[in-house]
Structure formats: C-alpha cells, structure tokens
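Listed here are the chains, written in short residue letters.
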Amino acid sequence: NNGWNRWQAVVDALKQQNPPTATPVPTDTPIPTATNTPVPTNTPLPTNTPLPTNTPVPPSTDTPVPTAYQAPQSLIDNIKNWRSEQPKDSDHAIRWTRVLAAFGKASHNDPMSSSEAKIYRDERGWSRWIDVVTALEKLGK
C-alpha cells in the first residue's frame with residue numbers, strides 16, 4: 001500500500017533522530033511562590049436592597065395591537081354540520097366549504113364573500129346565513 005509505505009518512511013525517519021533533552025533547572029535558583037493577601041474580616045459585605053412592593057406599574061404607552069376577528073366556534077361547528085347534510089360534491093356542501101375557507105377553516109380557491117352570502121340571506125331568505133353574513137362582515141370579507 002502506497003500510503004502505508006509513506007507513513008512507515010516518516011516513522012523510520014523519526015526513529016533515527018535523537019530525542020530532545022530537557023535543560024535542567026539550577027538547584028540554587030529559588031522558585032517564586034504566590035502570596036495570598038488576606039481579605040479584611042471586619043468590612044461588611046454589601047447587601048441587596050429590596051425593591052419597594054407598593055410602587056404601581058405605569059400604564060403602557062404602546063398602541064394596542066388589534067386582534068383579528070375570529071368567527072365564533074359555535075358558528076364554525078354549525079357550518080361544518082350544515083356542510084355534511086349533503087354529499088361533498090353538491091352545491092350545498094361546496095357553498096359551506098367556501099364559507100369555512102373565508103374563515104380560514106378549510107381550503108378553497110374561491111372563499112365566500114359577505115356580498116355573496118347576503119344574496120342567500122336576503123334574496124333566498126335562508127335564515128342560516130344571518131350569522132354567517134354578520135361574521136363575514138366583521139372579518140372584512
């Protein structure tokens with residue numbers, strides 16, 4: 001093996017060299033030692049000062065971050081139940097899937113808008129759509 005031969009050549013070359021020797025330290029030279037300086041024992045250590053407990057917290061000056069509207073879970077549950085009344089590929093189920101998509105609870109490429117939902121509520125008179133329209137309007141859809 002070519003790699004082994006190169007390695008063996010390095011080992012052989014090292015064996016032929018004389019090992020380095022240590023220079024002795026003269027015995028008459030004193031070895032310096034560390035000295036410890038004592039800490040005075042009569043100096044009191046600082047203590048932590050407790051924070052006052054009756055200081056009121058000042059009101060926040062930050063502008064509150066508005067939270068996004070979330071449709072009530074009871075409405076989401078109703079919509080899921082209404083969707084399951086018909087087969088998944090029916091117009092009925094697809095409409096409810098589009099509503100869920102508008103609320104971020106399902107996937108559909110054409111989420112329901114509040115103006116379309118108003119047609120079902122107002123022109124068709126479907127009472128289920130009353131709360132749906134309200135929620136979509138609050139969502140800004």
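All values reported here derive from a predicted model rather than from experimental measurement.

Conventions used here
- Residues numbered from 1 in each chain as written.
- Predicted model: local features only at pLDDT ≥ 70, side-chain atom pairs only at ≥ 80, totals over all residues.
- Heavy atoms only, no water.
- Helix = DSSP H or I, 4+ residues; strand = E, 2+ residues; numbered from the N terminus.
- Buried < 20%, exposed > 50% of the residue type's maximum accessible area, 1.4 Å probe, protein only.
- Contact = heavy atoms within 4.5 Å.
- Salt bridge = Lys/Arg side-chain N within 4 Å of Asp/Glu carboxyl O.
- Axes fitted to C-alpha atoms, helices over the stretch in contact; angles between N-to-C directions.
- Parallel < 35°, antiparallel > 145°, perpendicular 65-115°, else oblique.
- Left-handed = near helix turned anticlockwise from the far one by under 90°.
- Nonpolar A, V, L, I, M, F, W, Y, C, P; charged D, E, K, R; others polar.
- pLDDT = per-residue confidence, 0-100.
- Phe/Tyr/Trp six-rings, centres within 6.5 Å; stacked < 30°, edge-to-face > 60°.

**Considerations on the overall build of the protein chain**
Part 1: In terms of helices and strands, the protein chain carries 5 helices and 0 strands.
Part 2: Seen in sequence order, the protein chain has helices and strands lined up from the N terminus as α-α-α-α-α.
Part 3: Per-residue burial over the protein chain gives 18% buried out of 141 residues.
Part 4: Within the protein chain, contacts between residues separated by at least 24 positions form 44% of all contacts whose residues are at least 6 apart in sequence.

**Concerning the pattern of salt bridges**
Part 1: Summed over the entire model, instances satisfying the criterion amount to 5 salt bridges.
Part 2: Its salt-bridge partner being Arg 121, residue Asp 122 comes within 2.6 Å of it at the nearest N-O pair.
Part 3: According to the relative accessible area criterion, Arg 121 is partly exposed, its value standing at 25%.
Part 4: When salt bridges with common partners are traced through the structure, they connect Arg 98, Asp 110 and Glu 116 into a single cluster.

**Focus: the packing of helix 3 (residues 91–102) against helix 5 (residues 129–139)**
Part 1: For the pair helix 3 and helix 5, interaxial distance at closest approach is 11 Å and the crossing angle is 30°. Here helix 3 lies roughly parallel to helix 5, going by the angle between them. Judged by the twist between their axes, the crossing of helix 3 over helix 5 is left-handed. Where helix 3 abuts helix 5, its residues Arg 95, Trp 96, Val 99 and Ala 102 lie against Trp 129, Val 132, Leu 136 and Leu 139.
Part 2: Split into classes, the residues belonging to the contact of helix 3 with helix 5 amount to 7 nonpolar, no polar and 1 charged.

**Examining the packing of helix 2 (residues 73–83) against helix 3**
Relative placement of two packed helices is described by the angle separating their axes and the distance separating the axes.
Part 1: For the pair helix 2 and helix 3, interaxial distance at closest approach is 8 Å and the crossing angle is 160°. Between helix 2 and helix 3, the angle is such that the two are roughly antiparallel. Seen from above, helix 2 lies across helix 3 with left-handed handedness. Mapping the contact onto sequence places Ile 76, Ile 79, Lys 80, Trp 82 and Arg 83 in helix 2 and His 92, Ala 93, Trp 96, Thr 97, Val 99 and Leu 100 in helix 3.
Part 2: Considering only residue class, the contact of helix 2 with helix 3 consists of 7 nonpolar, 2 polar and 2 charged.

**Quick notes on the environment of Ala 106**
Part 1: Structurally, Ala 106 is set in the loop between helix 3 and helix 4 (114–123).
Part 2: Residues Ala 106 and Trp 96, 10 residues apart in the sequence, show an inter-C-alpha distance of 9.6 Å.
Part 3: With sequence-adjacent residues up to four places away left out, Ala 106 is seen in contact with Arg 83, Thr 97, Leu 100 and Ala 101.

**Re the confidence of the model for the protein chain**
The predicted structure's coordinates, where accompanied by low pLDDT, should not be read in detail.
Part 1: Summarising the model, the protein chain shows a mean pLDDT of 81, and 65% of its residues fall at 70 or more.
Part 2: When the elements of the protein chain are averaged for pLDDT, helix 1 (residues 2–16) gives the smallest value, 72, and helix 2 the largest, 95.

**Quick look at the packing of aromatic side chains**
Part 1: Under the defined criterion, the tally for this structure stands at 4 aromatic pairs.
Part 2: The interplanar angle of 5° and the centroid separation of 5.4 Å between the aromatic rings of Tyr 120 and Trp 126 together place this pair among those described as stacked.
Part 3: Classification of Tyr 120 as buried rests on a relative accessible area of 8%.
Part 4: Centroid distance Tyr 120 to Trp 129: 4.7 Å. Interplanar angle 40°. Geometry classified as tilted.

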